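# Tertiary structure, described
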Amino acid sequence: MDTKVIFALKDMDEATKEGAKLLQMGEIVVFPTETVYGLGANALNENAVAKIFTAKGRPQDNPLIVHLSGKDKLNTVAKDISPTAKKLIDAFAPGAISFILNKKEEIASNVTCGLDSVAIRIPSNIIAKNLLLRANLPVAAPSANISGRPSPTLAKHAYEDLCGKVPLIIDGGRCDIGLESTVVDVRGDVPVILRPGKVTAQDIEKIAGKVDIGSKTKEIISPGTKYKHYAPKADVFVFYETKKELEKLKAMYYSGKKTVVLCSQDYKKEFEGYNTILLGESTEAEYSLYKALRDADEQNYQVILFYLQDAMGVAVENRILKADKRGEKN
Ligand code: TXA
Ligand code: MG
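Now for a description of the structure that goes with this document. (Residues numbered from 1 in each chain as written. Chains lettered and ligands numbered in written order. Predicted model: local features only at pLDDT ≥ 70, side-chain atom pairs only at ≥ 80, totals over all residues. Heavy atoms only, no water.)

Counting across every chain of the model gives six aromatic pairs. Geometrically, the ring pair formed by Tyr254 and Tyr274 is tilted, given 6.1 Å between the ring centres and 50° between the ring planes. With Tyr254 in the loop between α9 (243-252) and β13 (259-263) and Tyr274 in the loop between β13 and β14 (276-278), the pair connects residues that are 20 residues apart, well separated along the chain. Joined through ring pairs, the aromatic side chains of Tyr253, Tyr254, Tyr267, Phe271, Tyr274 and Tyr307 make up one cluster. Lying over the aromatic face of Tyr301, Lys258 brings its terminal NZ or CZ to 4.5 Å of the ring centre. A cation over a ring is seen here: Arg326 above Phe239, with NZ or CZ 5.8 Å from the ring centre. (Phe/Tyr/Trp six-rings, centres within 6.5 Å; stacked < 30°, edge-to-face > 60°. Helix = DSSP H or I, 4+ residues; strand = E, 2+ residues; numbered from the N terminus. Lys NZ or Arg CZ within 6 Å of the ring centre and 35° of its normal.)

Here is the structure:
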């Protein structure tokens with residue numbers, strides 16, 4: 001299959017018109033969101049959704065997030081939305097958060113892998129919103145990478161993974177956030193965080209009064225979190241912000257394999273003379289994380305030593321521990 005790329009920043013009309021037409025025809029389309037690029041299909045059409053699983057090589061028991069153009073569409077896909085859920089949706093949507101709600105029958109069963117719940121997200125990215133409005137459909141979309149690879153934060157990442165497998169990639173430039181949405185189950189009295197993200201537990205607690213940090217960083221609750229995720233081709237080893245770990249990391253650098261240290265800008269000096277890929281300020285690491293992992297692969301590094309700091313936050317920690325070579329148990 002030929003893969004066409006349209007630059008939405010030049011011609012949003014053409015990009016979203018073409019994308020919407022393909023979605024309505026039951027095809028799959030790569031599109032930008034503010035978190036990461038998504039691989040979308042009509043969530044009401046089981047055959048279309050099946051193409052997502054095939055293109056990504058995604059396990060059949062890992063459900064997809066359904067994307068909507070606006071809050072006015074919520075009742076077409078979800079039911080029994082509680083007052084707490086409503087408050088959270090009002091506070092954070094559109095944005096980088098997915099809400100687990102009770103699903104309506106209309107959603108194709110392979111979107112939710114047979115569950116009676118569905119994850120719903122209303123993206124704020126203007127290209128995504130335009131595409132969803134034009135398609136006038138709920139769009140199921142996981143991240144647009146081959147399963148297990150880091151999520152794409154540039155169209156070229158999606159192209160590397162899915163070229164020849166999708167008819168269209170809409171290029172919307174670099175994703176503003178760079179990490180997947182927070183996933184929060186809002187069916188019960190207390191919201192439960194299944195995957196940490198930009199919207200934090202504290203943000204949710206402020207609105208709902210309570211929050212359950214269900215996943216801590218390692219526990220398995222969301223079906224997708226049990227899979228090894230986010231991993232580049234190089235072997236990743238995570239180290240922590242202590243003097244001893246820093247020495248260990250420097251010693252490991254001379255393993256005989258082509259090795260690079262990934263660390264925040266703040267540690268640039270510590271690693272003078274080493275190969276490094278810098279992640280910007282430690283508090284902004286999420287923006288660069290996936291790009292840095294893919295850049296390391298592109299530069300043929302065999303080993304990535306990742307220097308993890310508390311300031312990078314829970315979401316970065318969650319993702320990078322899943323990429324760790326020793327991480328089958330993570
Ligand atoms: O930012 C994002 O969330 C991106 C963009 C494209 O929207 N999407 C994304 O999708 O990261 P994906 O498929 O890579 O991750 C979806 C996560 C998985 O961990 C999945 O198991 C969980 O959401 N999930 C989906 N439906 C669920 C459900 N009904 N119950 C529990 N977890 C669910
Ligand atoms: Mg994913």
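Once you've had a look at it, read on.
It is worth spelling out a negative patch on the surface at this point. The grouping of Glu241, Asp266, Glu281, Glu284 and Asp310 at the surface amounts to a negative patch. Note on placement: Asp266 falls in the loop between β13 and β14. For Asp266, a relative accessible area of 43% gives the class partly exposed. (Patch = residues over 30% accessible without salt bridge, like charges linked within 9 Å, V, L, I, M, F, W, Y side chains within 5 Å. Areas by Shrake-Rupley, 256 points an atom, 1.4 Å probe, with all protein chains shown as cover. Salt bridge = Lys/Arg side-chain N within 4 Å of Asp/Glu carboxyl O. Lys, Arg positive; Asp, Glu negative; His and termini not counted. Charge placed at Lys NZ, Arg CZ, Asp CG, Glu CD. Buried < 20%, exposed > 50% of the residue type's maximum accessible area, 1.4 Å probe, protein only.)

The alternating pattern of strand β10 (residues 182-185) places Thr182 and Val184 and Val183 and Asp185 on opposite faces, both of which are buried. Pairing analysis gives four bridges linking strand β6 (residues 97-103) to β10, with the strands arranged parallel. Of the residues in β10, the one forming a bridge with Phe99 is Val184. Sheet topology places β10 next to strand β11 (residues 192-195); three bridges connect them, and they run antiparallel. When the sheet's bridge partners are listed, Asp185 is paired in β11 with Val192. In this antiparallel pair of consecutive strands, β10 and β11, the connection spans six residues. (Pairing = 2+ DSSP bridges.)

So, about the sheet that holds β14. Working definition: the strands of a sheet are paired by backbone hydrogen bonds and lie parallel or antiparallel to each other. Spatially, the four strands line up as an open sheet ordered β12-β15-β13-β14, and their pairing is parallel. Among the strands making up the open sheet, the edge pair consists of β12 (235-240) and β14. Shown here is a sheet whose adjacent strand axes are inclined to one another by a mean of 25°, direction ignored. Note that β13 and strand β15 (residues 303-308) share four bridges and pair parallel. (Axes fitted to C-alpha atoms, helices over the stretch in contact; angles between N-to-C directions.)

What follows concerns a nonpolar patch on the surface. Where nonpolar side chains cluster on the molecular surface, the patch consists of Val5, Phe7 and Tyr159 and spans about 260 Å² of accessible area. You can see Val5 is positioned in strand β1 (residues 4-7). Judged by its relative accessible area of 33%, Val5 is partly exposed.

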